[in-house]
Amino acid sequence: MMISRPMPLALGYVHRRCSLRHFEIGMEQQLLADAARAQGHTLGTVHVDDALTDPDGFAVLLEAATTEEHVSAVIVLTLDLLGDPDDPYSKYSRLNQRGILVLAADQPVVPPEPQSLPGVPVIQGCHPKRRRSRVK
């Protein structure tokens, strides 16, 4: 039996362009899911924004990312979608100011493998912890 630790949750963010058809959103969602998994996360809700809902749609994503318990990141197809990281008013900076990790499908950051501890076997999908010994 393999014991696995649930991966942290990443919300997706897609900006819908006029040329983007409804079935293409599914393909972008799959790209986000694959990239999130490769970076050690599980894809949660994908927020789709467009020119008409842009400020309000991002505000909903920001609120969800900060209030939902298991969300630790937001993943986008490209970092360009979030604006200049050096601009304090950009979407990227607003996410970082709230402590939300920003992931991009086109620039994957692969999490390091967990280090094994002496005497503790590594179980795939788990991060080993030392057991505390009870001293009488």
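Above this text is the structure in question.
Residues numbered from 1 in each chain as written. Predicted model: local features only at pLDDT ≥ 70, side-chain atom pairs only at ≥ 80, totals over all residues. Heavy atoms only, no water.

Chemist: Could you clarify how one ought to interpret the overall build of the chain in this entry?
Modeler: Each helix and strand counted, the chain has three helices and four strands in total. Going through the 136 residues of the chain one by one, you find that 30% of them count as buried. Put simply, 70% of the contacts in the chain that link residues at least 6 apart link residues at least 24 apart. Surface accessibility of the chain: about 9,600 Å² in total, with carbon and sulfur atoms responsible for 54%. (Helix = DSSP H or I, 4+ residues; strand = E, 2+ residues; numbered from the N terminus. Buried < 20%, exposed > 50% of the residue type's maximum accessible area, 1.4 Å probe, protein only. Contact = heavy atoms within 4.5 Å. Areas by Shrake-Rupley, 256 points an atom, 1.4 Å probe, with all protein chains shown as cover.)

Chemist: Help me understand the packing of aromatic side chains in this model?
Modeler: Each aromatic ring pair is characterised by the separation of its centres together with the angle its planes make. For the structure on display, the rule yields one aromatic pair. Where Tyr13 meets Phe58, the ring centres are 5.7 Å apart and the plane angle is 70 degrees; that geometry is what we call edge-to-face. Here Phe58 lies in helix H2 (residues 54–67) and Tyr13 lies in strand S1 (residues 9–15), a separation of 45 residues in the sequence. Neither residue differs from the other here; Tyr13 and Phe58 are each classed as buried. (Phe/Tyr/Trp six-rings, centres within 6.5 Å; stacked < 30°, edge-to-face > 60°.)

Chemist: Before we go on, may I ask you to explain the environment of Met7 in this structure?
Modeler: Summarising the element assignment, Met7 is placed in the segment before S1. C-alpha of Met7 to C-alpha of Arg37: the two residues are 30 residues apart in sequence and 8.4 Å apart in space. Every residue in contact with Met7, bar those within four places of it in the chain, is listed here: Arg37, Gly40, His41 and Thr42.

Chemist: Where do I start with the nonpolar core in this structure?
Modeler: The nonpolar side chains of soluble globular proteins are, as a tendency, buried together. Core analysis: the biggest nonpolar cluster contains 16 residues, and Leu11, Tyr13, Phe58, Val74, Leu82 and Leu95 have the highest contact counts within it. Going through the elements one at a time, S1, H2, strand S3 (71–76), helix H3 (91–97) and strand S4 (101–104) are the ones with two or more residues in this core. The element contributing the most residues to this core is H2, with five residues. Beyond its immediate chain neighbours, meaning those up to four positions away, Val74 contacts Leu11, Tyr13, Leu61, Ala65, Leu95, Ile100, Leu101, Val102 and Leu103. Ala33, Ala35, Leu43 and Leu103 belong to the second largest nonpolar core, which has 11 residues in total. (Core = buried A, V, L, I, M, F, W, Y, C linked by side-chain atoms within 4.5 Å.)

Chemist: Quick question: what am I supposed to make of the sheet that holds S1 here?
Modeler: Neighbouring strands of a sheet are bound in pairs by backbone hydrogen bonds; such pairs are parallel or else antiparallel. One open sheet accounts for four strands, arranged S2-S1-S3-S4; its pairing is parallel. Lying at the two open borders of the sheet, with one neighbouring strand each, are strand S2 (42–49) and S4. Strand-to-strand twist across the sheet, computed as the mean angle between neighbouring axes with direction ignored, equals 30 degrees. Pairing of S1 with S3, which is carried by five bridges, proceeds in the parallel orientation. Its bridge partner lying in S3, Ala10 is registered against Ala73. Sheet strands touched by H2: S1, S2 and S3. Its angle to S1, the strand with the most contacts, is close to 175 degrees. (Pairing = 2+ DSSP bridges. Axes fitted to C-alpha atoms, helices over the stretch in contact; angles between N-to-C directions.)

Chemist: It is not clear to me how the side chain of Lys91 should be interpreted in this structure. Could you clarify?
Modeler: Mapping Lys91 onto the fold places it in helix H3. If we skip the residues at most four places from it in the chain, Lys91 touches Tyr13, Asp54, Phe58, Leu81 and Leu82.

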